[in-house]
Structures are given as C-alpha cells and as structure tokens.
Amino acid sequence: MTRDITFSRGDFFASIFSRARCVVLIALAVMIVVDSLAALAAPVTKASRLFYVGMAILLASLFAVQSASAQLIIDVTTSAGRQIPVAIVPFANEATAPQNITPIIGNNLARTGLFSLVTQTGISRLPSEPSEINFADWSTRATEALVIGGIYPSADGRFDIRFRLFDVAKKNQLASFSYNVTASQIRATAHKISDEIYEKLIGERGVFSTKIAYVLKRGPRFELQVADADGFNPQAVLSSLEPIRSPKWSPDGTKLAYVSFESRKSTVIVQDLATGQRKTVSNFKGDNYAPNWAPDGSKLVVALSKDSVSQIYIISANGGDARRVTESNSIDTNATFTPDGKDIIFVSDRSGGPQLYRVPVAGGAVQRLTFEGNYNVNPRLSADGKLIAFVNRDGSKLRIATLELASSQVSILTDGPLDDSPSFSPNGRTILYESKAGGRGVLGSISVDGRVKSKLSSQSGDVREPAWGGYGSAGVVR
Amino acid sequence: MKKIFIGLSLAILLAACASKDPIKAPVDSATPTPTSTVTQTPTTKPTDNTNISGKPMDDPLKDPNNILSKRVIYFEYDQDSVKAEYAALIQEHAKFLSNNRNRKIRLEGHADERGSREYNMALGQRRADAVRKATSVLGVSNDRMETVSFGEDKPKATGHDEAAWAQNRRVEIVYDGE
C-alpha cells in the first residue's frame with residue numbers, strides 16, 4: 001500500500017499568505033487521504049483510518065504552535081512500508097513554555113518515514129506521569145510506543161524537561177531522561193529527545209541533533225548558513241557578494257572548509273565555527289576548489305590547476321604545500337576520501353565524459369567505478385564506506401544516484417531535473433541534496449532506499465550545496 | 001710669407017668650421033670674461049621628473065573601435081573548443097601582449113547553469129585553458145597568463161533559456177589592474 005502524505009510547516013504567523021497556503025496544504029492532504037481511502041477501500045483498517053485523521057489533526061496543531069523563528073518550509077512525501085505507530089503526548093506545561101517541544105519531536109520522527117503519529121482525541125486525560133497512563137487507551141489505537149513528559153520552570157530561570165518512552169504492548173518503560181536547560185536550549189533538547197526515541201525504537205543512532213550547512217543566495221548576496229538538521233534555526237556564518245561554494249564539515253564538526261571567490265578567484269578557506277576565525281589554506285595560482293576533509297581532519301583533498309588543468313592534491317588543513325595525487329592530462333576533480341583514509345574517489349574526464357574513479361592516496365593504479373551514462377560526478381561516501389552518492393546526468397536531467405561498491409549496483413533515486421550536491425546523513429540513512437522547485441533552489445532529502453522524500457525551502461532566496469555535519473556538529477553554533 | 005698665409009688660411013678655415021660644428025672642431029676656449037658685474041642666478045630649479053607619468057589618451061584596450069576592447073569568447077554547450085570566429089580577437093591580444101611585455105592577463109572561464117555545480121568549475125577551467133593555449137601558441141608565455149574558473153556562479157545573463165545560457169558559456173580576458 002502506497003500513501004502520499006504532503007505536509008508543510010513553517011513561519012505560520014509571519015503572514016496571512018503563508019497561513020492561507022498552509023490551509024490549502026491541509027485541505028490537499030485531507031483530499032489525498034480521502035482519495036486514497038476511497039481507492040483502497042478494501043484493505044483500509046480502522047487503525048489506519050484513525051492514523052490519517054490523527055495525522056491531519058496533528059498537522060493542524062503543528063501549524064498552530066510553530067513559532068515565527070522558522071525560516072524553512074518542509075514538505076514530506078512518503079511511500080512508506082512499515083511504520084511504527086508512536087503517540088507523542090503534549091508535555092505538561094508545554095503551552096506556557098517559551099518553545100514547544102512535542103511538535104518538533106513529532107516532525108522529526110515523521111520526516112524519517114519510519115514512524116506514524118497516533119491520534120489522541122477521545123482520551124479523557126492525557127498522561128504526563130507514568131501513574132496517569134491507561135495502556136488500554138493506547139493499545140486500542142494500535143499504538144506501539146508512547147512518549148510522555150513535561151517542562152517545569154525552575155527558580156533560576158532554567159527549565160527541567162522530563163520525558164519517558166513506553167512500550168505499550170509490554171507496558172514497560174524503554175527510556176527516561178531529564179534535562180536542566182536554558183530557554184534557548186529547549187529546541188536542542190527536543191532534538192536530543194528525538195534521538196533517544198529513535199535509537200530505542202530503531203536500534204541505531206539518530207541524527208536530529210546534528211547540523212547542516214548550505215549556501216543561501218539572496219539577490220546578489222551569498223550566505224553560508226548553518227541550521228539544525230530539520231532546517232530550522234538557521235544562522236549565517238559568512239556573507240559575501242562574491243560566490244561561496246562547496247561547504248564541507250570537518251570530521252569533528254567544529255569547522256567548515258569552503259571555496260571563496262572574495263579575491264576574484266577561487267581559494268579554499270577553513271573557518272572555525274566557535275571562534276569565527278578564518279584561514280586561507282589553499283591559494284595557489286589558478287583554481288583552488290572542491291575541498292574535502294581527510295577522516296582524521298588533519299588534511300584536505302583539493303582540486304588545483306596550478307600545474308595544468310585540475311588535478312587532485314592533498315594539503316594540510318592548516319595550509320602549506322600541496323602534494324599531487326593524480327597525474328593525468330585530463331580534468332581530475334571532486335575528490336573525496338574513503339572512511340579508512342587510504343583511497344580517494346574522484347571525477348575524471350580521461351575517458352571522455354566525467355566518470356567516477358578510485359585511486360590509493362599513496363599512489364597506484366586508478367580504477368574506474370562508473371560505466372553507465374556519460375556524466376557521473378560529485379561523489380560522496382556514506383560513513384561506512386559502502387555506498388557512494390553521486391550525480392548522474394541523463395540527457396539534460398541531473399539526478400541523484402547511488403553506487404553500492406560491493407555489488408557495483410547503481411540506483412537512480414530522484415527524477416531531477418536539477419538535483420545536485422548529495423550529502424549523507426551521519427547514520428547513512430538519508431541523502432540531503434540541492435534541488436529546484438518553482439525556479440528556486442531548495443534542499444531535498446531522500447532515504448537511501450528511495451522511499452521517503454522531503455523538501456526544505458527557504459522563504460527567501462536559493463538554497464544550494466547542502467552538507468550534513470557528522471555527530472560532532474551537534475554542539476556547534478547554538 | 002708662404003708659411004704665414006697657410007697658417008692664416010688654416011686659422012680662418014678652422015674658425016669657420018668652429019662656428020658650424022663646435023664638437024668636431026674644438027677651439028681654444030678662452031675663459032669668457034664677464035661683461036658686467038651682475039651675477040646671473042638661474043631662473044628655474046632643476047626639473048623634478050620623478051613623479052610624472054603619462055597615460056596614453058586613447059587606451060587601445062578600452063577603445064570601442066579597437067578589437068582589443070572585445071574581451072569575451074563564447075562557447076557551445078558542453079564544449080571547450082575555441083571557435084574560428086575568435087581567431088582574430090585572440091591574435092590581436094597576443095600581439096598586444098608581445099608589444100607590451102609588462103602586461104599580464106587573467107582568463108576567466110564560465111559555464112551555464114546546466115550541469116553539476118561542482119563539475120561546472122572544471123568546464124569553466126577547460127574553456128579558460130583552451131584560450132590560454134590558443135594565446136600561448138602565438139608566443140605569449142604562460143607565466144603572463146592565469147586561468148581561473150567561476151563555474152556557473154557568475155552568469156552574465158540571468159535567464160533560464162538558451163539565449164541566456166549562450167551568454168554565460170564564456171571566457172573573459174581581463175588585463176592586470178582592471
């Protein structure tokens with residue numbers, strides 16, 4: 001059974017227009033739900049009907065409570081397989097807290113496509129403490145997991161946030177945490193709680209606390225922005241009238257390497273996100289571009305044209321001399337290290353069109369990796385090194401594809417027509433990429449199995465070249 | 001008597017020569033006797049010409065009637081070969097560089113928005129490099145030319161159709177100091 005759910009949440013109070021748009025989207029979602037219910041009348045169970053209704057109600061509540069600080073709009077499309085039904089009960093005192101928590105958690109979980117959110121209408125008393133739980137309320141709603149909690153102001157102006165996760169069938173507690181935080185840390189705490197729930201229910205680490213970086217082009221101005229993984233809470237860490245390109249997170253999540261054109265040519269700069277300190281690490285004659293970090297963070301691989309057309313070089317992350325890795329008469333560019341740091345995957349047009357190749361850092365035989373199509377570029381490796389995400393061009397369509405190294409299996413994940421710059425989530429489940437919608441640059445995300453898609457678009461300007469930070473990026477930039 | 005005549009003749013000849021060509025016929029230079037007691041002071045100070053620099057009033061690089069003011073070479077989609085129609089333009093710039101040994105150029109390569117953003121850097125670079133090679137074979141040494149690429153990030157035309165893309169697939173010749 002395939003269902004398409006489209007929802008959006010955003011800067012709800014910012015304008016009547018966006019409110020009207022949300023209403024339209026809700027109507028659209030309800031129409032799709034009704035439509036799919038009609039079309040699939042036979043297999044629809046009471047529980048899934050309740051799910052749809054619940055989803056619509058929950059979405060409506062999401063719109064109503066979202067604060068005006070949000071700057072990205074998210075649309076999710078799911079062709080879901082099995083989803084875990086989770087009930088996230090609004091936390092005690094949440095309505096009077098400076099920042100809501102449960103809508104953020106609900107959105108995080110729903111966006112993975114791995115969870116469905118269970119309706120709570122008709123339950124006489126919503127629990128916030130274990131003693132208040134009536135498990136029958138939830139088992140009749142086919143709920144598998146239940147989240148309860150509260151937010152309590154403490155005397156020093158801080159907040160105590162408590163949450164508990166229950167297995168409804170077994171009636172036992174799976175996790176419980178309490179956090180003492182400032183008002184500005186409530187959103188980050190919501191991400192932390194999402195991570196705990198995800199890890200307990202899915203069995204792998206969540207990525208909700210990590211950060212993303214991307215370039216936002218607003219009129220003539222380029223901004224390098226860092227935001228929460230859900231696209232909210234964006235902050236500009238650099239602004240320039242000259243292009244900014246290719247932001248890449250250091251493995252420890254404390255720095256960004258990127259290409260700047262502020263000296264009217266490309267140079268590679270490393271910027272410390274905590275101090276704001278910037279250092280030009282590659283400024284050789286010609287082009288200095290396509291930086292990527294070595295797994296240990298001590299080196300960068302770059303493409304330089306100082307000796308000929310673009311070749312691959314390795315430089316220290318502090319700058320200095322460049323050691324040449326590739327020796328060809330062709331364009332060699334867009335290199336990325338394998339997770340063990342021993343090999344480099346790169347793009348070369350030595351066979352005509354650009355294709356992906358692999359070469360040992362220490363030097364050695366070059367191995368061609370892609371053979372389908374005549375334009376395969378922008379490789380990025382998953383953290384486990386098993387999967388390469390890249391950009392495939394078919395005719396004029398740019399699409400996100402993956403190559404499984406063990407089987408040489410290529411999968412085309414998106415339809416294009418202008419999808420570019422893929423970046424893996426730290427757990428390797430999701431690929432964030434640059435896309436176009438309505439003539440503007442937006443961020444798309446797709447699960448590596450192609451089932452779950454979402455779009456994040458800024459209300460002003462073109463969003464491009466996303467880079468998903470590693471687990472270490474969680475603590476950087478509040 | 002004869003000797004005196006010859007001597008006088010020589011003296012007259014020498015004197016005549018002296019008035020015409022003082023360098024070839026130095027006369028016995030008697031110290032000039034001042035005609036008056038007024039001492040002459042120079043009316044002008046020695047010329048200080050260290051801070052004067054002239055600029056040609058008609059810079060051929062800026063003169064719209066001069067081919068040297070044409071700086072843009074356009075390319076076909078996905079191509080980096082320099083079309084024959086630009087041979088004269090490149091030739092004139094090579095000639096100018098040969099005649100002005102202190103000048104340098106930057107060749108700035110660009111791509112249209114189609115294609116991957118990262119790989120378009122390489123395409124812009126290929127185009128700049130093609131113009132460099134074409135200029136180099138005309139005798140301009142490579143250390144006077146720097147090739148740089150902007151990829152697709154500095155479009156000349158902002159549209160999303162072939163008319164705009166054709167404007168954006170280009171190499172611009174930029175002289176030092178411009």
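Coordinates for the structure precede this section.
Procedures and definitions
Residues numbered from 1 in each chain as written. Chains lettered and ligands numbered in written order. Predicted model: local features only at pLDDT ≥ 70, side-chain atom pairs only at ≥ 80, totals over all residues. Helix = DSSP H or I, 4+ residues; strand = E, 2+ residues; numbered from the N terminus. Buried ≥ 20, exposed ≤ 12 C-beta atoms within 10 Å, placed from the backbone. Contact = placed C-beta atoms within 7 Å. Nonpolar A, V, L, I, M, F, W, Y, C, P; charged D, E, K, R; others polar. Pairing = 2+ DSSP bridges. Core = buried A, V, L, I, M, F, W, Y, C linked by C-beta atoms within 7 Å. Axes fitted to C-alpha atoms, helices over the stretch in contact; angles between N-to-C directions. Expected span 1.5 Å × (residues − 1).

An account of the overall build of chain A is needed here, citing residue identities and associated values.
Helix and strand counts for chain A come out as 5 helices and 31 strands. Within chain A, the fraction of its 478 residues that count as buried is 50%. The long-range share in chain A, meaning contacts at least 24 apart out of those at least 6 apart in sequence, stands at 49%.

Outline the interface of chain A and chain B, supporting the account with residue identities and numerical values.
Contacts between the two partners involve 27 residues from chain A and, on the opposite side, 17 residues from chain B. Secondary-structure elements contributing two or more residues to the side of chain A that touches chain B are strand E11 (244-249), strand E15 (288-293), strand E19 (332-337), strand E23 (376-381) and strand E27 (420-424) of chain A. A breakdown of the residues in the side of chain A that touches chain B according to their chemical character gives 11 nonpolar, 10 polar and 6 charged.

Quick one: what's the story with the sheet that holds E19 of chain A, residue by residue and with numbers?
Residue and element names in this part refer to chain A. If you walk across this open sheet you meet the 4 strands as E19-E20-E21-E22, and the pairing is antiparallel. Since the sheet does not close on itself, it has two edges, and those belong to E19 and strand E22 (367-368), each with one partner. Pairing between E19 and strand E20 (residues 343-348): 4 bridges, direction antiparallel. Pairing of Asp332 across the sheet is with Ser348, part of E20.

Please give an account of the nonpolar core that cites residues and values.
Counting residues in each nonpolar core, the largest one holds 80 residues, and the members touching the most others are Val302 and Ile344 of chain A. Those residues in contact with Ile344 of chain A, other than ones at most four positions away along the chain, are Val301, Ile312, Val325, Ala335, Thr336, Phe337, Val359 and Val361 of chain A.

Explain the environment of Arg380 of chain A to me, and be specific about the residues and the numbers.
Note on placement: Arg380 of chain A falls in strand E23. On a C-alpha basis, the gap between Arg380 of chain A and Ser425 of chain A in space is 11 Å, while along the polypeptide they are 45 residues apart.

Got a sec to walk through the sheet that holds strand E5 (residues 145-153) of chain A? Specific residues and values, please.
Residues and elements named next belong to chain A. One open sheet holds the 5 strands; their spatial order is E4-E3-E5-E6-E7, and the pairing between them is mixed. Of all the strands in the sheet, just strand E4 (115-117) and strand E7 (172-181) have a single pairing partner and so form its edges. This sheet shows a mean twist of 20 degrees between the axes of neighbouring strands, independent of strand direction. Summarising the sheet, strand E3 (residues 84-88) and E4 pair through 3 bridges and their orientation is parallel. Paired with Val86 across the two strands is Leu117, which belongs to E4. Across the sheet, helix H5 (residues 186-202) touches E3, E5, strand E6 (159-167) and E7, and the angle it forms with E7 is around 160 degrees.

Account for helix H3 (residues 117-136) of chain B, with residues named and values stated.
Taking 1.5 Å per residue as the helical rise, H3 of chain B with its 20 residues ought to reach 28 Å, and the 29 Å between its terminal C-alpha atoms agrees with that figure. Most of H3 of chain B sits out of view: 17 of its 20 residues are buried.

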